[in-house]
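# Inside the fold
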Amino acid sequence: ETGVTQTPRHLVMGMTNKKSLKCEQHLGHNAMYWYKQSAKKPLELMFVYNFKEQTENNSVPSRFSPECPNSSHLFLHLHTLQPEDSALYLCASTRDATEAFFGQGTRLTVV
Amino acid sequence: RKEVEQDPGPFNVPEGATVAFNCTYSNSASQSFFWYRQDCRKEPKLLMSVYSSGNEDGRFTAQLNRASQYISLLIRDSKLSDSATYLCVVNGRDDKIIFGKGTRLHILP
């Protein structure tokens, strides 16, 4: 248990659905990250938030919409996804870009 | 030059052998360096931090070479359970962490 909690752990959604992934940490970290990892592929950074402000959007399609209401919570809103968006979505948090703590991930399948 | 570069492997190494990985980074101002391990279909987990003076944890030794801007990981007496992907992590520009794409290690019986 790293102190970073992601829900749900598994999600199956249709291409017309709208769903949200949630990440929560109470470690006092100031930065939170969304990563995508497709099968047998490296981690792909999607978004970075630092003190609730988005500091990086790594050319992510608009069908992925992040939200960071406070330093402890991070959401990823999903709508009209494609089958190629099926992947493991990982959330991480850091304090001042030091050790990263990861959640266990949400395994997303788009059908 | 990419911010963090690693040889993707795979490294196929017999059990009991010693294996070493390097990772290069581009930002000379980086201050924090780490090695993470990721098992198949799991989240990355911290293996060890890398300190300027080098550090050792059991069979694992990490070293930093600031002049050449690389970090290394040495695994001695490798075990089957060491099979995983090893990720190099550096804090980059704008004070965010950067992950390398990982080096795959297969320990062969």
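Structure's up top.
Rules and cut-offs
- Residues numbered from 1 in each chain as written.
- Chains lettered and ligands numbered in written order.
- Predicted model: local features only at pLDDT ≥ 70, side-chain atom pairs only at ≥ 80, totals over all residues.
- Heavy atoms only, no water.
- Helix = DSSP H or I, 4+ residues; strand = E, 2+ residues; numbered from the N terminus.
- Rg over C-alpha atoms; globule rule 2.2 N^0.38 Å.
- Buried < 20%, exposed > 50% of the residue type's maximum accessible area, 1.4 Å probe, protein only.
- Disulfide = S-S within 2.5 Å.
- Salt bridge = Lys/Arg side-chain N within 4 Å of Asp/Glu carboxyl O.

### Re the overall build of chain B
Tallying secondary structure elements over chain B gives 0 helices and 11 strands in all. Moving toward the C terminus, one meets the helices and strands of chain B in the order β-β-β-β-β-β-β-β-β-β-β. Taken over C-alpha atoms, the radius of gyration comes to 13 Å for chain B, in line with the 13 Å a tight globule of 109 residues would show. Seen through its C-alpha atoms, chain B measures out along the principal axes to roughly 45 × 30 × 20 Å. Of all 109 residues assigned to chain B, the portion counted as buried reaches 47%.

### Details of the environment of Phe34 of chain B
All names here are of chain B. Position of Phe34 relative to the elements: it lies in strand 4 (residues 33-38). Taking the relative accessible area as the measure of exposure, Phe34 reaches 6% and is therefore buried. Taking the C-alpha atoms as reference, Phe34 lies 18 Å from Ser83; in sequence the two are 49 residues apart.

### A closer look at the state of the cysteines
Summed over all chains, the structure comprises 2 disulfides over all chains. Across the disulfide from Cys23 of chain A sits Cys91 of chain A; the S-S distance is 1.9 Å. Handedness here is read from the sign of the S-S torsion; for Cys23 of chain A and Cys91 of chain A, about -70 degrees, the answer is left-handed. You can see Cys23 of chain A sitting in strand 3 (residues 18-25) and its partner Cys91 of chain A sitting in strand 9 (residues 87-94), a full 68 residues away along the chain. The burial state of Cys23 of chain A is the same as that of Cys91 of chain A; both residues are buried. Two residues share a disulfide in this structure: Cys23 of chain B and Cys88 of chain B, whose sulfurs sit 1.9 Å from each other. Disulfide Cys23 of chain B to Cys88 of chain B: torsion about the S-S bond roughly -70 degrees, handedness left-handed. Of the two residues, Cys23 of chain B is situated in strand 3 (residues 19-25) and Cys88 of chain B in strand 9 (residues 84-91); the sequence distance between them amounts to 65 residues. Like Cys23 of chain B, the residue Cys88 of chain B is buried in the burial classification. As a non-bridged cysteine, Cys68 of chain A has Cys91 of chain A as the owner of its nearest cysteine sulfur, 9.1 Å distant. Cys68 of chain A sits in the buried class, given a relative accessible area of 12%.

### Notes on the pattern of salt bridges
A side chain of one charge can pair with a side chain of the opposite charge when the charged atoms of the two come close. Residue and element names in this part refer to chain A. Tallied over the full model, the rule gives 6 salt bridges over all chains. Two residues, Glu24 and Lys22, come together in a salt bridge whose shortest N-O distance is 3.7 Å. Classification of Glu24 by relative accessible area gives partly exposed; the value is 23%. A salt bridge links Asp85 to Arg63; the shortest N-O distance between them is 2.7 Å. Of this pair, Asp85 sits in the loop between strand 8 (73-79) and strand 9 while Arg63 sits in the loop between strand 6 (53-57) and strand 7 (64-70); the two residues are 22 residues apart in sequence, bridging distant segments of the chain. For Asp85, a relative accessible area of 2% corresponds to the buried category.

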